[in-house]
Amino acid sequence: MNKIVRKEQFSEKVFLFEIEAPLIAKSRKAGNFVIVRIGENGERMPLTIAGADIAKGTITLVVQQVGLSSKKLCMLNEGDYITDVVGPLGNPTRIENYGTVVCAGGGLGVAPMLPIIQALKAAGNRVLSVMAGRSKDLIILEDKVRESSDEVIIMTDDGSYGEKGVVTIGIEKFVEQEHIDKVFAIGPPIMMKFSNLTAQKHNIPCEVSLNTIMVDGTGMCGACRLSIGGKTKFVCIDGPEFDGALVDWDEMFKRMGTFKEAEQEELQHFEEHLNACKKCDKQKKNTDVEMDVEPTDEPMEVLIDRNAPWRDELRKSMKPKERTQIERVNMPELDPVYRATTRTEEVNIGLTKTMAMTEAKRCLDCAKPTCVEGCPVNINIPSFIKNIERGQFLAAAKVLKNTSALPAVCGRVCPQEKQCESKCIHLKMNEPAVAIGYLERFAADYERESGNSSLPEIAPANGIKIAVVGSGPAGLSFAGDMVKKGYEVHVFEALHEIGGVLKYGIPEFRLPNRIVDVEIENLSKMGVNFQTDVIVGKTISVEQLEAEGFKGIFVGSGAGLPNFMGIPGENAINIMSSNEYLTRVNLMDAANPNTDTPINFGKNVLVVGGGNTAMDSCRTAKRLGGNVTLVYRRSEQEMPARLEEVKHAKEEGINFLTLHNPIEYLTDDKGAVKAAVLQVMELGEPDASGRRSPVAVEGKTVTLDVDQVIVAVGVSPNPLVPKSIAGLELGRKNTIVVNEGMQSAREEIFAGGDIVRGGATVILAMGDGRRAAAHMDEYLKKQ
């Protein structure tokens, strides 16, 4: 929460806000912006920083009432609080002594131009400023602009102040007056386009600052992408400032109108938005399941001891042959027709007590359990399962939490069939593996819903501070292990909610938010400190953290940079990355009419990809009313998605079109996608991964009518964090290179998860976090 310490009204719809944000005030530079969110239902809105006062710890924003979110912000007053302010974001303006520069600000563009004018003047430039607006009321911050400018020309459309005319007339006047080395232009897109054209006419380089549609502002969603010099760039990561001559202005104008209709509709229901209260789904549930035995108070050593009397007695109660003859349990599920209409109800209902105890009997309690070897976090699988078999469900959960920070999450989303279950002894007997994942979920759910949650044993505090960058699976797993070892752990999250990909990337019908929230609450109870809206490398640097006494840093910032295919038409309206689509729906709840974040609902939706994220995207689109087709360039057998997710998608009515690949998108006159041209493929020889490579069938294409496309072809590590830390060794696509102990080239910095692997499952990321914690502990004890 950030307090408004000053509000000033410039005109009917233009206001200045001075806001408490000490870390941002200290780290911001000219050209940076912030993301602001108003209220729990608010959208994430980019606003350029117009100034900062380090002594007061404040930043200045100038805002015009345009849409729903800006209107909500402008209704706030001095003493009120803004829900979230995160930044500084974007690359700062490149300030040097160019010679003589023209700084052109149109309307509100004068506000972000002001710190650039000040910085250019301080660097020794001769600064000539053009201020433009429709009328005198829209000429803002004139006194401050004059303070740092050698000359100022004011232009108004109606001639009510200064000279009558547009900004380009002012630029031309200065060009005619003397030699100009560079032009900077900030304002409405049309104004920046013509400022650039004017500069080009005189062979003067022109820098423009683009304020595009964003969701996160950290490069994670790809909503802000534009064609710059013929290549797709992300404004929030690569910009916001670019050479105006390289900007595809027509594309930008069209993309800026992506949500125009949706936003206009929201404004018509403004009062409803003001009164809307986000439904709380964090209430405790009482379990219908009851244990038939008294909860044991046995210590962990007994709960996991294979030779304990209770365990020996269980093994003797049934012969191995009897256990192998029990059929594997089937997970109860919601009806496919019904569930395809509900976004928040979980598809898998969960095992009953009888189902869980019967399935637990299938476990042969191997002396050398290979299933544990297949688990990246080394859960003592036979021990938790045998506790379920004897009816000690709380003990089973206790065993799980001894090694796993997120058992209820892992029991839902981890690919057990490729990990622990793939090592099950039953498979060697041509029998289905024990349903380890289902049992893990059962034990974790029972403990949560019973209200008898336990915490792992915590070592005495050692007084050593540890920082964790990112609150996804790797960061949470690392934090859980380090706090158990007695460290003071602080987790810094760039978004406004804790959980990382668990919150923004996985739909509630697969992983309800309340489940994630409880796991996070447990970590808080263990002593982990969480701080949202902090971007390490932007809001605060690694050097600042170390100066504040942090002795170790773990980077688990994920792989949030979406991949695109680089084909014609891909930047059309209503073509989104899966990250943007799922973030809007999952994290921002955009499909809820009472929230502010806009979304366009597709009628004929194409989802590109074959992984779990593609399945999440197509199943989400189905629930939002779309006729959904999944297109994948290989055959179904090569799909990397979990078999269960493929099965669920088919049951819910998703159309599968395999051995096809998009090669072009066609658009209508508004720049929105209207059709996809698909190349027919066939399978050739296996590639390096062992999957058969897709090969184009020459001359054979299919065209599908679509009005929305979701691209789910993978992600790359976000360069924002690794590039901000000096001394790291970076690998392919800005991954952080680490040794076997997850230690980077800077010995106090460890890393894990997608930022190291480039892309991984939840459980692999958690395994990295556990391994990093063990090795950082060893490292710090030697210091």
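Each remark here, short or long, concerns the structure printed above.
(A) Looking closely at the overall build of the protein. What the protein contains, in helices and strands, is 30 helices and 32 strands. Relative to the globule expectation of 28 Å for 783 residues, the C-alpha radius of gyration of the protein, 28 Å, shows essentially globular dimensions. Overall, the C-alpha framework of the protein stretches about 100 × 65 × 50 Å when taken along its three principal axes. Within the span of the protein, comprising 783 residues, buried residues form 58% of the whole. Considering only intrachain contacts with a sequence separation of at least 6, the fraction spanning at least 24 residues in the protein is 70%. By element, 48% of the accessible surface of the protein is carried by carbon and sulfur atoms, the whole surface being about 31800 Å². With 92 positive and 107 negative side-chain charges, the protein shows a spacing of 3 Å between the two charge centroids.

(B) Main features of the pairing of strand E26 (residues 655-658). Across 4 bridges, the pairing between strand E25 (residues 627-632) and E26 is parallel. Looking at the pairing, Val 631 lines up with Leu 657 of E26. For the crossover that starts at E25, traverses helix H28 (residues 643-651) and ends in the parallel E26, the hand is right-handed.

(C) Quick peek at the packing of aromatic side chains. Under the criterion given, the structure shown has 8 aromatic pairs. Ring geometry for Phe 393 versus Tyr 446: centroids 5.2 Å apart, planes at 70°, classification edge-to-face. Of this pair, Phe 393 sits in helix H18 (residues 393-403) while Tyr 446 sits in helix H21 (residues 436-450), and the two are 53 residues apart along the sequence. Here Phe 393 matches Tyr 446 in class, with each residue buried. Between the aromatic rings of Phe 750 and Tyr 779, the centroid separation amounts to 6.1 Å while the plane-to-plane angle is 55°, which identifies the pairing as tilted. A residue pair is termed long-range when its members are at least 10 positions apart, and Phe 750 in strand E32 (residues 749-751) and Tyr 779 in helix H30 (residues 762-782) qualify at 29 residues. Relative accessible area serves as the criterion here: at 1%, Phe 750 is assigned to the buried category.

(D) Just the nonpolar core, in detail. If you look at the biggest cluster of nonpolar residues, it comprises 136 residues, and the most contacted ones within it are Leu 210, Ile 381, Phe 384, Ile 388 and Val 555. In terms of residue count, the dominant contributor to this core is H30 (9 residues). Not counting chain neighbours up to four residues away, the residues in contact with Phe 384 comprise Ile 379, Ala 396, Val 399, Leu 400, Ile 436, Leu 439 and Glu 440. Val 110, Val 152, Ile 154 and Phe 184 belong to the second-largest nonpolar core, a separate cluster that totals 26 residues.

(E) Layout of the sheet that holds strand E1 (residues 2-11). Strand order across the open sheet formed by 5 strands is E5-E6-E2-E1-E7, with antiparallel pairing between neighbours. At either margin of the open sheet sits one strand with a lone partner, and together these are strand E5 (51-53) and strand E7 (81-82).

(F) Spatial organisation of the environment of Pro 473. Summarising the element assignment, Pro 473 is placed in helix H22 (residues 473-484). The exposure class assigned to Pro 473 is buried, which follows from its relative accessible area of 7%.

(G) Layout of the pairing of strand E21 (residues 550-555). Of all 6 residues that make up E21, 5 are buried, and the element is covered over most of its length. Direction of pairing for strand E18 (residues 465-469) relative to E21: parallel, over a ladder of 5 bridges. The residue of E21 that forms the bridge with Val 468 is Phe 554. With 3 bridges joining them, E21 and E32 adopt parallel strand pairing. What sits directly across from Phe 554, in E32, is Phe 750.

(H) Inspection of the pattern of salt bridges at higher detail. In this structure the tally under the stated criterion is 57 salt bridges. The shortest N-O distance in the salt bridge between Lys 193 and Asp 250 comes to 3.7 Å. In this pair, Lys 193 is assigned in helix H6 (residues 189-201) and Asp 250 in helix H8 (residues 249-256), connecting sequence segments 57 residues apart. The closest approach of N and O atoms between Asp 365 and Arg 311, which form a salt bridge, is 2.9 Å.

(I) Seen up close, the sheet that holds strand E19 (residues 488-492). One open sheet accounts for 5 strands, arranged E20-E19-E18-E21-E32; its pairing is parallel. Single-partner strands in this sheet number two, and they are strand E20 (529-531) and E32. Taken over all neighbouring pairs, the strand axes of this sheet differ in orientation by 20° on average, direction set aside. In this fold H22 packs onto E18, E19, E20 and E21, with an angle of close to 165° to the strand it touches most, E18. With respect to the sheet, H30 is in contact with E18, E21 and E32, its orientation differing from that of E21 by roughly 160°.

(J) Structural detail: the side chain of Ser 577. The topology assignment puts Ser 577 in strand E23 (residues 575-577). According to the relative accessible area criterion, Ser 577 is buried, its value standing at 0%. At 2.4 Å, the side chain of Ser 577 and the backbone oxygen of Cys 221 are in polar contact. With residues up to four places along the chain from it excluded, the contact list for Ser 577 reads Cys 221, Pro 562, Phe 564, Ile 710 and Val 711.

(K) Inspection of a nonpolar patch on the surface at higher detail. On the surface, Ile 190, Phe 194 and Leu 197 cluster together into a nonpolar patch covering about 260 Å² of accessible area. By relative accessible area, which is 38% here, Leu 197 ends up partly exposed.

(L) Representation of the packing of helix H5 (residues 167-177) against H6 within the structure. Put simply, H5 and H6 touch, their axes get as near as 9 Å, and they point 25° apart. With respect to H6, the element H5 is oriented roughly parallel. Of the two elements, H5 crosses H6, and the hand of that crossing is right-handed. For the pair formed by H5 and H6, the contact residues are Val 167, Thr 168, Ile 171 and Glu 172 on the first element and Met 191, Phe 194, Ser 195, Thr 198 and Lys 201 on the second.

(M) Main features of the side chain of Lys 401. Position of Lys 401 relative to the elements: it lies in helix H18. Residue Lys 401 is classed as buried on the basis of its relative accessible area of 9%. Within the structure, Lys 401 has its side chain in polar contact with the side chain of Ser 453 (distance 3.2 Å). If we ignore the near neighbours within four places in the chain, the residues touching Lys 401 are Pro 407, Glu 447, Ser 453, Ser 454, Pro 456, Lys 484 and Asn 522.

(N) Structural detail: the packing of H22 against helix H24 (residues 513-526). Where H22 meets H24, the closest approach of the two axes is 10 Å, and the angle between their N-to-C directions is 25°. Considering their axes alone, H22 and H24 lie roughly parallel with respect to each other. The handedness of the crossing between H22 and H24 is left-handed. The residues of H24 that touch H22, namely those facing Leu 476, Gly 480, Val 483 and Lys 484, are Ile 520, Leu 523 and Met 526. Residues that form the contact of H22 with H24 fall into these classes: 5 nonpolar, 1 polar and 1 charged.

Conventions adopted
Residues numbered from 1 in each chain as written. Predicted model: local features only at pLDDT ≥ 70, side-chain atom pairs only at ≥ 80, totals over all residues. Heavy atoms only, no water. Helix = DSSP H or I, 4+ residues; strand = E, 2+ residues; numbered from the N terminus. Rg over C-alpha atoms; globule rule 2.2 N^0.38 Å. Buried < 20%, exposed > 50% of the residue type's maximum accessible area, 1.4 Å probe, protein only. Contact = heavy atoms within 4.5 Å. Areas by Shrake-Rupley, 256 points an atom, 1.4 Å probe, with all protein chains shown as cover. Lys, Arg positive; Asp, Glu negative; His and termini not counted. Charge placed at Lys NZ, Arg CZ, Asp CG, Glu CD. Pairing = 2+ DSSP bridges. Right-handed = clockwise from strand over helix to strand, strands pointing away. Phe/Tyr/Trp six-rings, centres within 6.5 Å; stacked < 30°, edge-to-face > 60°. Core = buried A, V, L, I, M, F, W, Y, C linked by side-chain atoms within 4.5 Å. Salt bridge = Lys/Arg side-chain N within 4 Å of Asp/Glu carboxyl O. Axes fitted to C-alpha atoms, helices over the stretch in contact; angles between N-to-C directions. Polar contact = N/O pair within 3.5 Å; in protein donor to acceptor, adjacent residues only side chain to side chain. Patch = residues over 30% accessible without salt bridge, like charges linked within 9 Å, V, L, I, M, F, W, Y side chains within 5 Å. Parallel < 35°, antiparallel > 145°, perpendicular 65-115°, else oblique. Left-handed = near helix turned anticlockwise from the far one by under 90°. Nonpolar A, V, L, I, M, F, W, Y, C, P; charged D, E, K, R; others polar.

The values are spatial; any link to function lies outside them.
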